[in-house]
Amino acid sequence: MLKRMLFIFLSFGVIAFAANVGDLTNVKTLKVDRGLTEAGKSCVECHAKLTPGHVNDWKESRHGHVGVSCIDCHSVKKDSPMAAQNCEGIKGTEIFVSSLVSPKTCERCHPNEVKEFQQSGHARAALQIQAKEGMISLMEYFEGRNHPDLKHSPEATGCMQCHGSIIKLGKDKRPTAETWPNYGIGNVYPDGGVGNCKSCHSGHKFSIEEARKPAACASCHLGPDHPDIEIYNNSMHGHIFNSEGSTWKYDSAPDAWEPGDYRAPTCATCHMSGIGNLKTTHNVSKRLKWNVWMPISKTREGGYETAVKDFENGKITKGNALAGNPDGSAVARTEMEQVCVSCHTTTHTKNFFNMADKHVELYNTYATDAKKMIDELTKKGLMHKDKWSDKAFKIWYHLWHHEGRRMRQGALMGAPDYAHWHGVFEVQQDIRELKIIYEKRIKSGKIEE
Amino acid sequence: MLKRMLFIFLSFGVIAFAANVGDLTNVKTLKVDRGLTEAGKSCVECHAKLTPGHVNDWKESRHGHVGVSCIDCHSVKKDSPMAAQNCEGIKGTEIFVSSLVSPKTCERCHPNEVKEFQQSGHARAALQIQAKEGMISLMEYFEGRNHPDLKHSPEATGCMQCHGSIIKLGKDKRPTAETWPNYGIGNVYPDGGVGNCKSCHSGHKFSIEEARKPAACASCHLGPDHPDIEIYNNSMHGHIFNSEGSTWKYDSAPDAWEPGDYRAPTCATCHMSGIGNLKTTHNVSKRLKWNVWMPISKTREGGYETAVKDFENGKITKGNALAGNPDGSAVARTEMEQVCVSCHTTTHTKNFFNMADKHVELYNTYATDAKKMIDELTKKGLMHKDKWSDKAFKIWYHLWHHEGRRMRQGALMGAPDYAHWHGVFEVQQDIRELKIIYEKRIKSGKIEE
Amino acid sequence: MLKRMLFIFLSFGVIAFAANVGDLTNVKTLKVDRGLTEAGKSCVECHAKLTPGHVNDWKESRHGHVGVSCIDCHSVKKDSPMAAQNCEGIKGTEIFVSSLVSPKTCERCHPNEVKEFQQSGHARAALQIQAKEGMISLMEYFEGRNHPDLKHSPEATGCMQCHGSIIKLGKDKRPTAETWPNYGIGNVYPDGGVGNCKSCHSGHKFSIEEARKPAACASCHLGPDHPDIEIYNNSMHGHIFNSEGSTWKYDSAPDAWEPGDYRAPTCATCHMSGIGNLKTTHNVSKRLKWNVWMPISKTREGGYETAVKDFENGKITKGNALAGNPDGSAVARTEMEQVCVSCHTTTHTKNFFNMADKHVELYNTYATDAKKMIDELTKKGLMHKDKWSDKAFKIWYHLWHHEGRRMRQGALMGAPDYAHWHGVFEVQQDIRELKIIYEKRIKSGKIEE
């Protein structure tokens, strides 16, 4: 009963604190109760032995310093679908905990961050996969060979680790191996929360410094289909960061992290941070003019991401692939340019985007032509039934999903090797190969081999 | 004569010191004679001018601080096969030196480390190549074109640099260009020593800090066939290391390097370090459940590595590919899990390996099917005589040696891009391509083209 | 008028300073006038608000500390082709500025560095592209699809970013989007200056530390055709740098940056820095024995680079691909070996280059055979008219331009994965594929498909 009261008190304490922080227009008094409760202390003491990594992280975290401890984030109401007493120390008490912590918990103190996040493309990461027939069949049928016991491993060891999953619990309230652990950014939790703050602010330190460094993005934004860290390293920005970034200042307050703290932008600087008059946002789509991962690029005119809202209404949808700035792509670009001009002249900035946009448009001419060929072959029954055995399909897939993304993203982020060698240089070869196959099939009326 | 005596004294001094260090169960008195002898000093003084890099490294080494200098490791007995007097300063004296330093020297002070190393897969790195017909023919015939003068360059500039070589000496007692220099981990020295401590603890600093950082492994464990550093960078562990690893503590004593010194494991943490109740080991195979580099993965049930023992008995063998934990694969896995649970819950750990193991097993189904096709084609005479001109052979080789390893290692080390895009995504395409060729050859009874 | 006088005074002041620095044989008095002029101050004050990144960089630069400010580098004579008054603060005055700063400005204070640079292969980077029909047609026709509006994007977002461009100005004296911004090292400025110091010493800090770190080279020297940073990371040098390079000393004076300041060389150490008796040079070709980017490697016997001189004489030429050490390739190699022996024995050094040279020669046998096949097919009309649709052409191109460079550069810089897996392992497969196509075409007298 005492524990129960302490728990309630703590929860309210945290909420009150959050409300103060959220309201940025008034003078604030951040009254913080720093002492740990008895319940809080006993978690810490026991886990210092059980999982010392957790506790060591937490000790140096801001959470630790303001007195937010294990129980404040892991305790849940008894009727939560995640409520469990798997921990010896609380068995038989009124305290229920969940090893999973959903954004519904984070938003108690960080409401703006969670809200902005859920308006961004990041929020659709897991739901999008589930809603796409092609994706599920790639993972389970083509890769997993429809094997009764093994077909889930491609998703569990692969896609879900960055995209996240719709986390399912077993009978013991423990998450299933097919859906967890992962560090995917779009996780859907059993309590309906969507998102994963820990993808960038890794537990149990949850630091702002980490999320501002390229490494925070690099463990997902890499590889053949979106080599963003490779692109960054290829850019002059990455060149400067890699030569001296270890000496920069990463813990300035939001909206106050400005040139001088750093000499070149990191991922966060351009896509999220307040700089000049621009406000910090957790909506990473907000400053984007284009969608550069689609087969054919379009400008982002669709307002906010909708996948989370759809999910709340009981639907799993792909969300809004053209979400971005609620005021449209021109405003998005203007916001991004505001970042650039902190360190570059207007001519530099305008010229840069002028040619980068042309490279995206040049890509679109390739993709449009390629798609036309694929569509015609499909219509005429000239594509293999097993699509991953079809040369034409594979070329098309790689053209847009791999080299085409590299071409576009490389241009927009100043990475010549990706705009060119890993991009257009391969795309121009792809379309030539595709055309030879296309003409052969059209001429012969059959699929080669 | 004086020099001779000093040398003997020094050698014994070092051995006595080693014996003390080796015996960890008793109270120790580490009596160290720190003064350099005259002979020792003169090496240092001369080489400070000749090869300042060596001496600068040594100055900041622990060796330097305890008074172990050039001569203590480089002097050898007169009857050593490596004994030479190529250095002006010792010509005509009773001192003989070798520029090569074999593990037989290192083990005088570090007997446990050398012993554990020689029980590991690392110890077979060079011998394995020499014992494999396919490997030698790839390097000399297919790549080196059997060219009388040039055929050794692929091995010397390539494989040997990581695997090591059986080092041969010329008439002047200097190592031949075909076999040295290299930084290969499995070097076989003319005195019979096997292994290369400098692969990870680079000379002449030989630091423990270096070997605990991912960079120590990264110069060999990279690339298409075992992209372990790329896998690490893709994992959440690498994400955290890359964002703040430069600030961690790497010089804690063995068995005392624990979470808190670091926030995420490096390669060494999981594969070698003492953590919790687990003891430090230089047997990197000891915590491995699977062999994940073989064409078809099997669990490691075979005890210790045997290549060094075979070599001592006069045979060059591939050693024991299924060596690992002497108590078998289940114990190996239990040991590895002990590392994980320092920072993760048991559910997290169990779930993670559950799906990773399935991914290895899923790979095995691919490899088994592919091998069956290759075996049948071979039996029916439907494979090219020049195997590297054969499409089917090349697909099979890449399937297991390149993408198949990425698929398995990516899953087991939490790297979604390697488990998936560079792994199973390619493997599923490989087998489809192979099947098309297979069916064509079986049907037509001949090799295409 | 006052401003005009201040400007002239400043310019002369800088030139006088340069003359003192340039003359290294006499005792020097570096009389520096540190105060900023009124004109200088007003630039800084205004740009601290407009482009804070520029000013923050400059503040911590050596330029800033010796009183060289915006106006000293950006002001140009009224009759300069780049002279403009696009900045509000100088409209109507006698001050003209250029946002572009050409090496003609840099050489006022750094004459040796600019001269050495222009004798190196770096100086031909942009002019070479312009002089090569194949390159322009790759970029504009094959990649840019001859699209009236979009055909320049491959060059502008790709090649030019590292190679540089012949910068053109619009009517408003602002550079055109097709030619700028870029960080290409071979930029040709409207005033005839060639080169780009900022490629390695990024603006507006222009630091010597940055240029000595691998990251300075890495944003261009990467990727499929010259993966020099990947090669470095694969080498023992990179291994050591990556494990502790963040703690080394990078600001030692030129010719005084020696082992002890670092434990392993960076790119700059071997290719540019003074070490032992070797003098610092900005001619990166000077210590190179081979040209390893050509289709067939030759030794560099041709003295200095000539592209800049040709350009001054009104011609755009490819320059001298075999420029290097004016005393020939043997001297170049001797110079490079002087770097190596600071940390390695002579045997180590000789053996290393012995096998690396053989690997280059082995490559040459491949390239010679491949070229012979391509030449014969061309002569017999057995190559596609659209060359990027031709399998044989594509294999040949990749053989020499991609995998063949990796094979050679990997061997010469101690990177086994590039010498082997990304190098000769692929080259041996390339030539086998090429041979199959060649024989088919010769036999059938027609192009397949």
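Because the structure is a prediction, the values reported are computed rather than measured. Throughout, a residue's number is its position along its own chain's written sequence, starting from 1. The order in which chains are written sets their letters, starting at A; the order in which ligands are written sets their numbers, starting at 1. Under the rules for a predicted model, residues below a pLDDT of 70 receive no local features and side-chain atom pairs below 80 are neither given nor counted, while totals for whole chains, interfaces and linings still include all residues. Calculated side-chain values reflect all of the structure's heavy atoms, with hydrogen atoms and water omitted.

S.K.: Explanation requested: the nonpolar core in the structure shown.
M.R.: Soluble, globular proteins show a tendency: their nonpolar side chains are buried together. Only buried Ala, Val, Leu, Ile, Met, Phe, Trp, Tyr and Cys residues count toward a nonpolar core, and they belong to the same one when joined by side-chain atoms within 4.5 Å. Exposure is judged per residue with a 1.4 Å probe applied to protein chains only, and the accessible area is read against the type maximum: over 50% gives exposed, under 20% gives buried, and values in between give partly exposed. With 34 residues, the main nonpolar core has Leu138, Trp388, Ala392, Trp396, Tyr397, Leu399 and Leu434 of chain C as its most contacted residues. Going through the elements one at a time, α20 (416-444) of chain A together with α9 (133-143), α18 (346-379), α19 (391-412) and α20 (416-444) of chain C are the ones with two or more residues in this core. Each of domain 2 (100-204 + 303-321) and domain 3 (348-444) of chain C accounts for three or more of the residues forming this core. Strands are runs of DSSP state E lasting at least 2 residues, helices are runs of H or I lasting at least 4, and numbering of each runs from the N terminus. Where each domain begins and ends follows an automated or database-derived domain assignment.

S.K.: Sorry if this is basic, but what is going on with the relation of the copies chain C and chain B here?
M.R.: Superposing the two chain copies requires a rotation about an axis and a translation along that axis. Of the transformation superimposing chain C on chain B, the axial component is 0.0 Å and the angular component is 120°, with the fit at an RMSD of 0.0 Å. Here the two chains are linked by the operation of a three-fold rotation axis. When C-alpha positions in chain C are compared against the rotation axis, the closest is assigned to Ser246 of chain C, at 4.6 Å. We place the copies in one frame by least squares, fitting the C-alpha atoms of every residue whose pLDDT is at least 70 in both.

S.K.: Explanation requested: the packing of helix α2 (residues 38-50) of chain B against helix α3 (residues 52-59) of chain B in the structure shown.
M.R.: Residues and elements named next belong to chain B. Interhelical geometry of α2 versus α3 gives an angle of 125° and a closest axis separation of 6 Å. On the basis of their axis angle, the class for α2 and α3 is oblique. Here α2 contributes Val44, His47, Ala48, Lys49 and Leu50 to the contact with α3, which in turn contributes Pro52, Val55 and Trp58. Throughout this entry, Asp, Glu, Lys and Arg are counted as charged residues, while Ala, Val, Leu, Ile, Met, Phe, Trp, Tyr, Cys and Pro are counted as nonpolar. The remaining residues, Gly among them, count as polar. Looking at the contact of α2 with α3 residue by residue, the class counts come to six nonpolar, one polar and one charged. Every angle, taken between N-to-C directions, lies between 0 and 180 degrees, and every axis is a line fitted to C-alpha atoms, over only the stretch in contact when it is a helix. In these notes the angle categories are as follows: under 35 degrees is roughly parallel, over 145 is roughly antiparallel, 65 to 115 is roughly perpendicular, and the rest is oblique. Whether two residues are in contact is decided by their heavy atoms, any of which lying within 4.5 Å being enough.

S.K.: Honestly, the packing of helix α9 (residues 133-143) of chain A against helix α10 (residues 153-163) of chain A in this entry has me stumped. Any pointers?
M.R.: How two helices sit against one another is set out by the angle between their axes and by the gap between those axes. All names here are of chain A. Between α9 and α10, the least distance of the axes is 9 Å, while the angle of their chain directions is 135°. With respect to α10, the axis of α9 lies oblique. α10 is crossed by α9, and the crossing has right-handed handedness. Together, Met135, Met139, Glu140 and Glu143 of α9 and Pro154, Glu155 and Cys159 of α10 make up the contact between the two elements. Looking at the contact of α9 with α10, its residues break down into four nonpolar, no polar and three charged. Take the far helix as the reference: if the near one is turned anticlockwise from it by less than a right angle, the crossing is left-handed, and if turned clockwise, right-handed.

S.K.: I'm lost on the state of the cysteines in this one. Help?
M.R.: What we call a disulfide is simply a covalent bond connecting the sulfur atoms of a pair of cysteines. Residue and element names in this part refer to chain A. Here, the term disulfide refers to a pair of cysteine sulfur atoms separated by no more than 2.5 Å. Taken as a whole and assessed by the stated rule, the structure comprises three disulfides over all chains. Linked covalently through their sulfurs, Cys162 and Cys220 form a disulfide whose S-S length is 2.4 Å. Taking the torsion about the S-S bond as the criterion, the Cys162 to Cys220 disulfide, at about -95°, is left-handed. Here Cys162, found in helix α10, pairs with Cys220, found in the loop between α12 (214-218) and α13 (228-234); they are 58 residues apart in sequence, far enough to count as distant. The pair Cys162 / Cys220 is uniform in exposure class, with both members buried. No disulfide involves Cys270; its sulfur sits 6.4 Å from that of Cys340, the nearest cysteine.

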